[in-house]
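Listed below are the residues making up each chain.
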Amino acid sequence: LDNAIRYNNRGGEIHVSADTHPQGIQILVQDFGAGIPQHEQNIIFKEPLKNKDKKTGGMGLFVAKKHTERLGGSLELLKTDSSGTSITIVLPLALK
C-alpha cells in the first residue's frame, strides 16, 4: 500500500480487494498513478532499486515478495502503464 500511496496521482484513488483463491486468499491492490517505468519492471522483485541519490530505495516490492513467498504465497505484477499499477498477492490460509 505504501507504494500505491506514494506513486499515485495526487488525490488519486487506491482500490484494495480480497477474494477467495484456490490456494487461499487473493488480495488485489490497484493505483492510478504513472505506473512502473519499463526498465524497472523486470527487476523490481529481484533486487532493491536505487534512487537518484544512490541511497537504497524501492525495497517495498522486493521485500514484500520475499516475505510473501516465505509464507508460501505469491506476489505478482498484473499490469503497469500510464493508467496505474495492479499487483496481486496470494496467501495460503494455512502457513507452510
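Details of the structure are given in the entry above.
**Q** I'm lost on the overall build of the protein chain in this one. Help?
**A** Within the protein chain one finds three helices and six strands. Taken from N to C terminus, the helices and strands of the protein chain fall in the order α-β-β-α-β-β-α-β-β. Nonlocal contacts in the protein chain, meaning residues at least 24 apart in sequence, comprise 46% of its contacts between residues at least 6 apart. When the accessible surface of the protein chain is summed, it comes to about 6,700 Å², and 55% of that surface belongs to carbon and sulfur atoms.

**Q** Could you clarify how one ought to interpret the pattern of salt bridges in this entry?
**A** Any two side chains of opposite charge can pair, so long as their charged atoms come close to each other. Summed over the entire model, instances satisfying the criterion amount to three salt bridges. D2 is the salt-bridge partner of R6, the closest N and O atoms lying 2.6 Å from each other. Taken together, the residues R6 and D2, both in helix 1 (residues 2–6) and four residues apart, mark about one turn of the helix. With a relative accessible area of 52%, R6 lands in the exposed category. Between K79 and D81 there is a salt bridge, with its nearest N and O atoms 3.1 Å apart. Using a relative accessible area of 31% as the deciding quantity, one classes K79 as partly exposed.

Definitions and limits used
Residues numbered from 1 in each chain as written. Predicted model: local features only at pLDDT ≥ 70, side-chain atom pairs only at ≥ 80, totals over all residues. Heavy atoms only, no water. Helix = DSSP H or I, 4+ residues; strand = E, 2+ residues; numbered from the N terminus. Contact = heavy atoms within 4.5 Å. Areas by Shrake-Rupley, 256 points an atom, 1.4 Å probe, with all protein chains shown as cover. Salt bridge = Lys/Arg side-chain N within 4 Å of Asp/Glu carboxyl O. Buried < 20%, exposed > 50% of the residue type's maximum accessible area, 1.4 Å probe, protein only.

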